Amino acid sequence: MKITVIGTGYVGLPTGVGLAELGNDVVCLDIDENKINTLKSGKVTIFEEGLEELFKKNTENGKVRFSTSFAESIPQADLVILAVGTPPNPITKEADMKYIKAAAESLAHHLQGYTVIAVKSTVPVNTGTAVENIVRQVNPTAEFDVISLPEFLREGFAVQDFFNPDRIIVGANTQRARDLIAELYAPFKDKSTILYVSRQSSETIKYASNAFLAMKIQYINEMADFCETSGADIYEVAKGMGLDSRIGAKFLVPGPGYGGFCFPKDTNAMAYMGKFNGVDLSLIETTIKSNERRKINMAKRILDMVDDVKNPTIAVLGSAFKGGTDDCRESPALQIIEIMLAHDVQIRLYDPQAMDNTKAILKDMITYCNSAYEAIGGADVLAVLTDWPEFKELDLSRIKQLMKRPQIADYRNTFDCTEAKNLGFEIKSLGRKL
Ligand code: NAD
């Protein structure tokens, strides 16, 4: 199948490369010339486990190409996938549709023959209809269907998730479009559920799923806080809860708050849609507020550990919103750092993959280090804010030697508390017995 993916970011690039690996001819199209030039020069623009190998293979054999030209990339396509950003409106927090609308308009001019336009971006209900109207207005004779094809990949596992989706949701109103999607996903038909629903249901499934997951994370975070006051251990509690098949064992790990490009913006967009439609979505609204408070609490807990030190040095491990990605968008780690920077502190940071993205945001406000041990050197407290597996390998004895004061705020529960305490650390972690 000939496919053009519009938007070559955290979703578009793994999707394009994955579809090429399945044997399709793919063009990844973006308006960002720098990005496309970098990709054309053979460099991957994001960090994702396993992506580089697939990228290399499928660019070398010509299955995936890169372009900034709609005129060159749209006419031959059987399927056009929209994977552009839908960032929050800074005031209302509703999903901003400007990139979707612009892409729909640009592609509409160049449609030739029957084309399925699949909206993979996370978009408000009835965006499918809006895209259809735009395309029809620009090109009244075009033969096309607009479908909703929401993306459920997890950053850090994008390649794995592409090839092993739990489910594929297809919101399509015509049999012709459903048939094309059935052909596209034929390689997955024995291992994943492909669910065909209406466009509106499909658009809602994405938001309803993300809001539910955000609530689940915030719920276990609150239970972790409760465990700290009750003598219970959050891991024992989560295990006991997770054995109930109605609850499930996943997403029951406490942390410093949910973040990333999806959960914060999608919960906010859902809350906005509730208000707009006159529906009480107070569970989601409470989750958003509780998550915001959590990051302030996390920063305060770290600052409390050094409130007797003048101009303390805080070593921070991790700035990506979670391990396995270089994505810092809405990262709780960065938000906690920003709150701490409002006080008189020095911050020394190390992240295995997200240093460039962090520098673009925090500029010269903090010190950037080349390793975890370099960041820890001379620190009054160490804060672990991202769950990179390599942080678990750090040697606590060496950390103790490097620090000015043996204090750890372990908000990813990286270290063994007993070992840390035996070595003389003061350690604060989440929901564990100390
Ligand atoms: P991104 O910002 O990484 O990538 C979006 C890309 O679209 C950018 O490269 C941008 O230059 C390009 N773009 C913008 N306007 C364009 C236009 N008119 N024509 C061509 N290209 C254009 O965003 P992302 O993280 O890949 O997210 C894309 C969508 O997928 C969003 O709606 C997001 O909510 C959704 N989503 C993201 C994830 C995730 O984990 N990142 C998961 C599921 C769904």
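Residues numbered from 1 in each chain as written. Predicted model: local features only at pLDDT ≥ 70, side-chain atom pairs only at ≥ 80, totals over all residues. Heavy atoms only, no water.

With that settled, consider the site of the ligand. Residues in close proximity to the ligand total 27 residues, the closest being Asp30, Lys35, Thr86, Glu155 and Lys265. Thr86 places a side-chain nitrogen or oxygen 2.6 Å from an oxygen atom of the ligand. Arg329 is positioned such that a nitrogen or oxygen atom in its side chain is 2.8 Å from an oxygen atom of the ligand. Considering the ligand on its own, with 830 Å² of exposed area, one finds that the protein chains cover 91% of that surface. Both domains that furnish three or more residues to the shell around the ligand are identified here as domain 1 (2-197) and domain 2 (199-434). (Near = heavy atom within 4 Å. Polar contact = N/O pair within 3.5 Å; in protein donor to acceptor, adjacent residues only side chain to side chain. Areas by Shrake-Rupley, 256 points an atom, 1.4 Å probe, with all protein chains shown as cover. Domains from an automatic or database assignment.)

On to the nonpolar core. Ranked by size, the top nonpolar core spans 53 residues in total, and within it Ile302, Leu317, Ile337, Met340, Leu382 and Ile399 carry the most contacts. Ignoring anything within four residues of it in the chain, the contact list for Leu317 reads Tyr350, Ala372, Ala375, Ile376, Leu382, Ala383, Val384, Leu385, Thr386, Phe391 and Leu394. Within the second largest apolar cluster, 38 residues are counted, among which are Val135, Ala142, Phe144 and Ala269. (Core = buried A, V, L, I, M, F, W, Y, C linked by side-chain atoms within 4.5 Å. Buried < 20%, exposed > 50% of the residue type's maximum accessible area, 1.4 Å probe, protein only. Contact = heavy atoms within 4.5 Å.)

Take the sheet that holds strand S10 (residues 346-350) next. In spatial order, the strands read S11-S10-S9-S12-S13-S14; together these six strands make up an open sheet with parallel pairing. Strands with a single pairing partner mark the edges of an open sheet, and in this sheet they are strand S11 (367-368) and strand S14 (426-428). Across three bridges, the pairing between strand S13 (residues 407-410) and S14 is parallel. Bridged to Ile408 within S14 is Ile427. Its contacts with the sheet place helix H12 (residues 282-305) against strand S9 (313-317), strand S12 (381-384), S13 and S14, and it is angled at close to 175 degrees to S13. (Pairing = 2+ DSSP bridges. Helix = DSSP H or I, 4+ residues; strand = E, 2+ residues; numbered from the N terminus. Axes fitted to C-alpha atoms, helices over the stretch in contact; angles between N-to-C directions.)

Its domain assignment divides the protein chain into domain 1 (2-197) and domain 2 (199-434). A separation of 31 Å is found between the C-alpha centroids of domain 1 and domain 2. Listed by partner, the interface residues are 36 residues for domain 1 and 27 residues for domain 2. Between domain 1 and domain 2 the total buried area reaches about 2700 Å² when both faces are included, carbon and sulfur atoms providing 55% of it. Summed over the three residues of domain 1 that lose the most area to domain 2, namely Phe47, Thr122 and Glu155, the buried surface amounts to 24% of that side. At the junction of domain 1 and domain 2, the tally comes to two salt bridges. Among the ionic pairs, Glu132 bridges to Arg199, the shortest N-O distance being 2.7 Å. The interface formed by domain 1 and domain 2 contains 15 residue pairs in polar contact (both at pLDDT 80 or more). Mapped onto the side of domain 1 that touches domain 2, the elements with two or more residues apiece are helix H6 (127-138), strand S6 (144-148) and strand S7 (167-171). Here the side of domain 1 that touches domain 2 is composed, by residue class, of 18 nonpolar, 11 polar and seven charged. (Buried area = accessible area lost by both parts, 1.4 Å probe. Salt bridge = Lys/Arg side-chain N within 4 Å of Asp/Glu carboxyl O. Nonpolar A, V, L, I, M, F, W, Y, C, P; charged D, E, K, R; others polar.)

Per the counting criterion, the structure on display carries 22 salt bridges. Note that Glu143 is salt-bridged to Arg176, the shortest N-O span being 2.7 Å. Highlighted residues: Glu143 in the loop between H6 and S6 and Arg176 in helix H8 (residues 175-184), separated in sequence by 33 residues. Measuring nitrogen to oxygen at the nearest pair gives 3.8 Å for the salt bridge that ties Glu155 to Arg329. Residue Glu155 is found in the loop between S6 and helix H7 (158-163), and its partner Arg329 is found in the loop between S9 and helix H13 (332-341); the two are separated by 174 residues along the sequence. The class of Arg329 is partly exposed, set by a relative accessible area of 31%. Via salt bridges that share partners, Asp225, Glu228, Arg294 and Arg301 belong to a single interconnected network.

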